[in-house]
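# Topology and contacts: notes
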Amino acid sequence: MAKARTAKTRPAGTMSATVTAPKAGARLTGLHPATPDQHARRKAEFLVSRIAVPSEPFYGGKTRLGPYILPYAPIHQGRELIDVCGGLVNLTWQALRFGFQFEQWVVNDPIQLPFYEAVRAIGHKIKVPPRSREEFERQRDLAAAGDQRAIALAPWISFNGGGYGYGGSAYTGRGSGYSNSLGNGHRSAGGRRTTESEERNLRLMHKLFNDKRMRLSGLDWLDCLEAEQPTKDDLILIDGPYVDCKTGAYEPDTFIPIEVIHYLKSHPDLNWLYCEYFQPMYQYAFGPPIFQKETQLRTTNFRKTGQEKRIECVWTSASYKVHLAQTRAKDLSSVACNTSGSKG
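Residues numbered from 1 in each chain as written. Predicted model: local features only at pLDDT ≥ 70, side-chain atom pairs only at ≥ 80, totals over all residues. Heavy atoms only, no water.

Along any regular strand the residues' side chains alternate between the sheet's two faces. In this sheet, strand 2 (residues 101-108) lies alongside strand 1 (residues 77-83) in parallel orientation, the contact comprising six bridges. When the bridges of strand 2 are listed, Ile82 appears paired with Val106. In this region the chain leaves strand 1, passes through helix 2 (residues 90-97) and returns to the parallel neighbour strand 2; the handedness of that crossover is right-handed. Pairing of strand 1 with strand 4 (residues 235-238), which is carried by three bridges, proceeds in the parallel orientation. Bridging across to strand 4, Asp83 finds its partner in Leu237. (Pairing = 2+ DSSP bridges. Helix = DSSP H or I, 4+ residues; strand = E, 2+ residues; numbered from the N terminus. Right-handed = clockwise from strand over helix to strand, strands pointing away.)

Dropping the structure here:
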């Protein structure tokens, strides 16, 4: 994102609740969408002292895109931050990194709830084993029996970070040991993170889950919102399963785009940030995206389809309101012109 204004000096250990919008004239200005060829070459400048946050990489997890996306959130402080499709929590961790301040943090995901609960309970004392196919199969069986350690290890030990049921082992036993293409075209999203690094990651995740007293739930996204009853003092993050994409961390069956559009348009007072690839139906419903960036599609079989590009987009309640105002102004102008022509 564009370079932001520098924050005033603050006492050590304190964080600002505000993330400043990009300056006018910067690469991404105001509410104008970027063109597809405007690649994000530089991370946004953080306005607060960076705090350490965990991450569990997987395709679509927003570990890298989060710093570009979150400054566009319509509010950065309030009553609740509700991450309705939490996945592996990366957007929420990035919000903490940016200094967002909310009284309550809610992370919801019907698939990943056991992972959240396992890390919150024992993440501070988990010993991470080296990756191997045998270890993957052993932990997969233990997880199926409800073993919390095995459940917490799923993103680390499974191929592409998607869990035991989606990618298989992240270890091949050949060459470098880590699979680049295990028969399904995916590449390991976990990089070369060491066992020690993952142990620190799980301990930090455990600490934040508990220190922030995060409310964890496993409801359908709409049931989650109905349970939370969001108000104008809340921020809703929606990074659900993308159309025609399979990352392994979400099940798309109950995430129907037209239902999401209907909910957001029928609750005009809510603050929300919505992530998806460019889709004409979202452009029609919400207007042009507030942010867009061309990305390489990773959830594909490169051997069969080759490289494919997608346009990563963000819509927000603020950009939608601007679109509505502009649309209404054009409609009124058109009516005025038609009236004037009739009189003439």
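Attention shifts here to the layout of surface pockets. When its volume is computed, the second largest pocket comes out at roughly 320 Å³. Considering the residues around the second largest pocket, the lining is formed by 17 residues, among which Ile111, Ile151, Ala154, Gly163 and Tyr164 are closest to the centre. Counting only elements with at least two residues in the lining of the second largest pocket, the list comes to helix 3 (113-122), helix 4 (133-144) and helix 6 (154-157). Element by element, the count of residues in the lining of the second largest pocket is highest for helix 4, at three residues. (1 Å grid on protein atoms, 1.4 Å probe; cavity = no way out; pocket = protein on both sides within 12 Å on 5 of 7 lines; lining within 4 Å. Points joined across faces, edges and corners; volume = space filled by probe spheres on them.)

Another aspect to go through is the nonpolar core. Among the nonpolar cores identified, the biggest contains 53 residues, and Trp93, Phe100 and Phe209 are the most heavily contacted of them. When residues of this core are assigned to their parent elements, the largest contribution, six residues, is made by helix 3. Once residues lying within four places of it in the same chain are set aside, the contact partners of Phe209 are Val89, Trp93, Tyr116, Val119, Arg120, Met214 and Leu216. Core analysis: the second largest hydrophobic core is formed by 24 residues, Val106, Ile236, Trp272 and Ile311 among them. (Core = buried A, V, L, I, M, F, W, Y, C linked by side-chain atoms within 4.5 Å. Buried < 20%, exposed > 50% of the residue type's maximum accessible area, 1.4 Å probe, protein only. Contact = heavy atoms within 4.5 Å.)

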